[in-house]
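# Close look at the chain arrangement
Given next are the chains, with one letter for each unit.
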Amino acid sequence: MTQDELKQAVARVARDYVADRLPVGGILGVGTGSTANFFIDEIAAIKDRIGGTVASSEATAKRLQRHGIRVLDLNDVDAMGIYVDGADEIDHGMAMVKGGGGALTREKIVAAVATTFVCICDASKRVAVMGKFPLPVEVIPMARAHVARELVKLGGTPKLREGMVTDNGNLILDVHGLSIADPVGLERQINQVVGVVTNGLFAERGADVLLLATDGGVETCTR
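Quick caveat: nothing in here was measured; it's all calculated off a predicted structure. (Residues numbered from 1 in each chain as written. Predicted model: local features only at pLDDT ≥ 70, side-chain atom pairs only at ≥ 80, totals over all residues. Heavy atoms only, no water.)

The next point concerns the packing of aromatic side chains. Two aromatic rings are characterised by how far apart their centres lie and by the angle between their planes. Under the definition given, this model contains two aromatic pairs. With centroids separated by 5.0 Å and ring planes inclined at 40°, the aromatic side chains of Tyr83 and Phe117 adopt a geometry described as tilted. One end of the pair, Tyr83, is in strand β3 (residues 80–85); the other, Phe117, is in strand β6 (residues 114–122), with 34 residues separating them in the sequence. The interplanar angle of 70° and the centroid separation of 6.5 Å between the aromatic rings of Phe117 and Phe202 together place this pair among those described as edge-to-face. In this pair, Phe117 sits in strand β6 while Phe202 sits in strand β11 (residues 201–202), placing the two residues 85 residues apart along the sequence. Among the residues examined, Phe117 registers a relative accessible area of 0% and is labelled buried. (Phe/Tyr/Trp six-rings, centres within 6.5 Å; stacked < 30°, edge-to-face > 60°. Helix = DSSP H or I, 4+ residues; strand = E, 2+ residues; numbered from the N terminus. Buried < 20%, exposed > 50% of the residue type's maximum accessible area, 1.4 Å probe, protein only.)

What follows covers the nonpolar core. Counting 26 residues, the largest nonpolar core has Leu28, Phe39, Ile43, Val84, Val118, Ile120 and Leu211 as its most contacted members. Broken down by secondary-structure element, the contributors of at least two residues to this core are α1 (3–21), β1 (26–30), α2 (34–43), β2 (50–55), α3 (58–66), β3, β6 and β12 (209–214). With six residues, the top contributor of residues to this core is α1. Excluding its chain neighbours within four sequence positions, the residues that come into contact with Ile120 are Val10, Ala14, Thr35, Phe39, Val84, Asp85, Gly86, Ala87 and Leu211. (Core = buried A, V, L, I, M, F, W, Y, C linked by side-chain atoms within 4.5 Å. Contact = heavy atoms within 4.5 Å.)

Strand order across the open sheet formed by six strands is β2-β1-β3-β6-β12-β13, with mixed pairing between neighbours. The outermost strands of the open sheet, each flanked by one partner alone, are β2 and β13 (217–222). Mean inter-strand twist for the sheet, computed between neighbouring axes without regard to direction, equals 20°. Relative to the sheet, α3 contacts β1 and β2, its axis offset from that of β2 by approximately 150°. (Pairing = 2+ DSSP bridges. Axes fitted to C-alpha atoms, helices over the stretch in contact; angles between N-to-C directions.)

On to the pairing of β12, then. Of all six residues that make up β12, six are buried, and the element is covered over most of its length. Pairing of β6 with β12, which is carried by five bridges, proceeds in the parallel orientation. From the neighbouring strand, Cys119 faces β12, where its bridge partner is Leu210. One ladder, built from six bridges, connects β12 with β13; its direction is antiparallel. Looking at the pairing, Ala213 lines up with Val218 of β13.

Space inside the largest pocket adds up to approximately 250 Å³. As for the largest pocket, its lining consists of 13 residues, of which Val54, Ala55, Asp73, Leu74 and Arg106 are closest to the centre. At the level of secondary structure, the elements contributing two or more residues to the lining of the largest pocket comprise β2, α3 and α4 (104–113). Sorting elements by how many residues they give to the lining of the largest pocket places α4 first, with three residues. In this structure, the second largest pocket occupies an estimated 200 Å³ of space. Thr32, Gly33, Ser34, Ala87 and Asp88 are the residues nearest the centre of the second largest pocket, which is lined by 16 residues in total. The leading source of residues in the lining of the second largest pocket is α2, at three residues. Partitioned by chemical class, the residues of the lining of the second largest pocket number two nonpolar, eight polar and six charged. (1 Å grid on protein atoms, 1.4 Å probe; cavity = no way out; pocket = protein on both sides within 12 Å on 5 of 7 lines; lining within 4 Å. Points joined across faces, edges and corners; volume = space filled by probe spheres on them. Nonpolar A, V, L, I, M, F, W, Y, C, P; charged D, E, K, R; others polar.)

Quick look at the structure:
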């Protein structure tokens, strides 16, 4: 199967997961990226069951709205049953690297509100140790150089993502060369650097459920 076919397969399974587990009229969080886009297209078929969605990016909100799916401001939501999003890497402890699409801060906020975080991805994203995919770090523009120097001290090689401004008006530093043996510890350490908004490690709040697309079908993994 091609990668797009794997993404479509896992998106369909995620749609059925939501249909089975989200109460009618419930609020659904929706992530950002190519796999999330397939998921959005799939949930158009069950949009009448969904009370509203919270989008993790402006791009996701626009795609949801094109399907006639209601998009809510997170500040108007008291509870969210499920959040569905992809990952750039996920380890066997269900910690993830996210942010390849630049929406890591809003993704992390939406994930913090959701009762259940469902990660959808293909088998190429499952790794023993994360770090091959560069770790995105969202930074306040005036702090870019300072944060970059601090990331070098942590053993990484940060590179500015050229031409990228986040939905929050900030910049992204992609950190290469890390071997992330302690995802929770590194997530905390980077977030303590002054000028960092957040980083793309989702370890303190990892996935609760992983729907993993393989050539043999979609596997379901839980914590």
